[in-house]
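Structural overview for review
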Amino acid sequence: MDSICPIGSRCATQISSLLTPPSPLQLQEYYHNLLSARQCSGITVKQDVNFGKGLYADKDFKEGELVLKDPMFVGVQHSLNKIDCLVCSFCFRFIGSIELQIGRRLYMQQLRANESHGCDVGSSSKHCHDMDSSDEEESTQQCTSGSSKTKVPLPEGVVESLMNGQLVLPCSEKFSLPPAVPCPRGCGEAYYCSMSCAEADWESSHSLLCTGESSDPAHKEALLKFIKHANETNDIFLLAAKAISSTVLKYHKLKEASVEEQVKHNTSCVSNHNKLSFLLEAWKPIWMGHKRRWWDCIALPDDVDPSDEASFRLQIKELAFESLQLLKTAIFDKECEPLFSLEIYGHIIGMFELNNLDLVVASPVEDYFLYIDDLTYPNKEEVEKITQPILDALGENYSIYCEGTAFFPLQSCLNHSCCPNAKAFKRDEDKDGQATIIAQRSICKGEEITISYVDEDLPFEERQASLADYGFRCRCRKCIEEEP
């Protein structure tokens, strides 16, 4: 593979610079600036000789207090989940309207039903959870008026009326959503809650990854092949594409700013040394993350015999190579050539494999039907004449969360403990894809803030087996006490 893709040998020096771990001083400076920019008070990032980075309390936190809200560096909604949930492609907030969300679900259900009956119609198409167990219980709660287990068809025209806004459901104004703003370049894939999110996404990565009609045909075809491959294999490749695109765009922004400054002062042109420094600066959000090559760190599936491990890891490497070749065809940038080496691609995906957080945003559709269920007689009886048939048509899974995966720069610094003092937990007011960390108990100033990467209620051996995927054996207080 290296002989077919010689970037590794051609750019060996630059790749080595990109993969050289940052010094403790560089880490401290980066996270200090990041915390300041995000106005995060009460926490700091420190480097430990034995355990690497960690997040520490700079003040006392009470149980239930917000510790951190962390916007993602890159995130992606699972491709199949896009069928059921229309969300902002940048912040992952639900958009459109309650009626549109329900109408899309029902429309897709009809398409699936038609497909299962043989009709020739089209269809679209880990780590610590960003949801506490209490949320999971609530998400499975059914309205007492109940949605039936068997979906009940609606009269003809109802689904279309929901989707085009002709049918307005009672009380839906209490659950207003931002209007759906389509990608200005018309790709038909990206939608946003506002123009500010559309612009931010365009500047961060979408300008390179947009498949709109205004895109170059060859560029569009190559991108569509890459996206199809990622959707069919592993959508972690889509995250890697966003990370590389973000780095490329930031590199050119830094270079342009330098050229403008040099023109202003009538100095010499940009040197190769400066170009590398721009690339290193643009690379910083990835540089700071803990990285191993994907094919080295991915957990061996249960159905793969240990004797076949070498073959399995080679297959994973070949899969990454296939994805990289498709991405190179679509967005290759000669000045940022090292980013398109298999070594860099493998480390980026490996960083996501080890550090990603599940992206979960609760659906307002659930809140809507629970609100209807809580109405009192006689209002409830009148309202349910309209809403109950729709609820029955949706079936028992009447509300599906937005689900995906994302990398969060600060959350990824949180170390594991089987008796953690904090947890990833979405509150009622948390409507977007930011990582939200809440104190699970009182946290004292100077104490390290920890979360559990696995279910801490599992038996000792099961916890240790799950944590082996992360490449370490837990030695927290609970594990030491429970170790046989």
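If you look the chain up in an unreviewed UniProt entry, it shows as Histone-lysine N-methyltransferase ATXR2 from Cajanus cajan.

Tallying each qualifying case throughout the model produces 23 salt bridges. As a salt-bridge pair, Glu65 and Lys59 come within 3.6 Å of each other at their nearest N and O atoms. When its relative accessible area of 25% is taken as the criterion, Glu65 is described as partly exposed. Taking the relative accessible area as the measure of exposure, Lys59 reaches 31% and is therefore partly exposed. The partner of Glu232 in a salt bridge is Lys228, and the shortest N-O contact between them spans 2.7 Å. Of the two residues, Glu232 and Lys228 are both situated in helix 9 (residues 217-233); the distance of four residues between them amounts to about one turn of the helix. Linked through salt bridges whose partners overlap, the residues forming this network are Lys69, Arg427, Glu429 and Asp430.

Across the sheet, four strands lie side by side as 1-2-12-9; this open sheet has mixed pairing. The open sheet terminates on both sides in strands that have one partner only, identified here as strand 1 (43-48) and strand 9 (415-416). The sheet contact formed by strand 9 and strand 12 (residues 448-451) spans two bridges and is parallel. Pairing of Asn415 across the sheet is with Thr450, part of strand 12. Against the sheet, helix 3 (residues 24-37) contacts strand 1 and strand 2 (52-57), and its axis sits at roughly 165° relative to strand 1.

Inside soluble globular proteins, nonpolar side chains tend to come together where they are buried. Grouped together as the largest cluster of nonpolar side chains are 85 residues, with contacts concentrated most on Trp294, Leu339, Tyr345 and Phe352. Among the elements that take part in this core, helix 10 (residues 236-265) stands out by supplying ten residues, more than any other. Ile102, Leu154, Leu162 and Leu375 belong to the second largest nonpolar core, which has 22 residues in total.

Our focus in this paragraph is the sheet that holds strand 11 (residues 435-439). Pairing is antiparallel across the open sheet formed by three strands, whose spatial order is 3-11-10. The open sheet is flanked by strand 3 (66-70) and strand 10 (422-424), the only strands paired with a single partner. Adjacent strand axes in the sheet meet at a mean angle of 20° when their direction is disregarded. Examined bridge by bridge, strand 10 and strand 11 share three bridges and lie antiparallel to one another. Looking across to strand 11, one finds that Lys423 is bridged to Ile438.

Tallied over the full model, the rule gives zero disulfides. The structure places no disulfide on Cys479, whose sulfur is separated from the nearest cysteine sulfur, that of Cys418, by 3.5 Å. Judged by its relative accessible area of 1%, Cys479 falls in the buried class.

All right, on to the packing of helix 2 (residues 12-19) against helix 15 (residues 342-355) then. Put simply, helix 2 and helix 15 touch, their axes get as near as 10 Å, and they point 15° apart. Of the possible angle classes, the one that applies to helix 2 and helix 15 is roughly parallel. Where helix 2 crosses over helix 15, the handedness of that crossing is left-handed. Here Ile15, Leu18 and Leu19 of helix 2 lie close against helix 15, whose contacting residues are Glu343, Ile344 and His347.

The omega torsion across Tyr377 and Pro378 is 5°, close enough to zero to call that bond cis. Looking at the element boundaries, Pro378 is found in the loop between helix 16 (364-373) and helix 17 (379-394). The residue Gln39 is not glycine, and still its phi comes out positive at about 55°. By the secondary structure assignment, Gln39 is in the loop between helix 3 and strand 1. At Phe92, a position not held by glycine, the phi torsion is positive, near 70°. On the accessibility criterion, Phe92 (3% relative accessible area) is buried.

Evaluation of the coordinates by the stated rule reveals twelve aromatic pairs. Centre to centre, the rings of Phe369 and Tyr398 are 5.7 Å apart; their planes meet at 90°, and the pair counts as edge-to-face. With Phe369 in helix 16 and Tyr398 in the loop between helix 17 and strand 8 (402-407), this pair connects stretches of sequence that are 29 residues apart. Considered together, Phe369 and Tyr398 belong to a single accessibility category, that of buried residues. Grouped by ring-pair contacts, the aromatic residues Phe175, Tyr368, Phe369, Tyr371 and Tyr398 constitute a single cluster. Cation over ring: Lys46 sits above Tyr56, and NZ or CZ is 5.2 Å from the ring centre. Geometry around Phe425 places Lys423 over its ring, the cationic atom sitting 4.8 Å from the centre.

This paragraph deals with the layout of surface pockets. What the largest pocket holds in volume is close to 1200 Å³. Every residue lining the largest pocket is counted, 48 residues in all, and those nearest its centre are Phe51, Gly52, Lys53, Asn415 and Tyr453. Counting residues per element, the ones that place at least two in the lining of the largest pocket are helix 2, strand 1, strand 2, helix 15, strand 9 and strand 12. Looking at side-chain class alone, the lining of the largest pocket contains 20 nonpolar, 18 polar and ten charged residues.

The rules we used
- Residues numbered from 1 in each chain as written.
- Predicted model: local features only at pLDDT ≥ 70, side-chain atom pairs only at ≥ 80, totals over all residues.
- Heavy atoms only, no water.
- Salt bridge = Lys/Arg side-chain N within 4 Å of Asp/Glu carboxyl O.
- Buried < 20%, exposed > 50% of the residue type's maximum accessible area, 1.4 Å probe, protein only.
- Helix = DSSP H or I, 4+ residues; strand = E, 2+ residues; numbered from the N terminus.
- Pairing = 2+ DSSP bridges.
- Contact = heavy atoms within 4.5 Å.
- Axes fitted to C-alpha atoms, helices over the stretch in contact; angles between N-to-C directions.
- Core = buried A, V, L, I, M, F, W, Y, C linked by side-chain atoms within 4.5 Å.
- Disulfide = S-S within 2.5 Å.
- Parallel < 35°, antiparallel > 145°, perpendicular 65-115°, else oblique.
- Left-handed = near helix turned anticlockwise from the far one by under 90°.
- Phe/Tyr/Trp six-rings, centres within 6.5 Å; stacked < 30°, edge-to-face > 60°.
- Lys NZ or Arg CZ within 6 Å of the ring centre and 35° of its normal.
- 1 Å grid on protein atoms, 1.4 Å probe; cavity = no way out; pocket = protein on both sides within 12 Å on 5 of 7 lines; lining within 4 Å.
- Points joined across faces, edges and corners; volume = space filled by probe spheres on them.
- Nonpolar A, V, L, I, M, F, W, Y, C, P; charged D, E, K, R; others polar.

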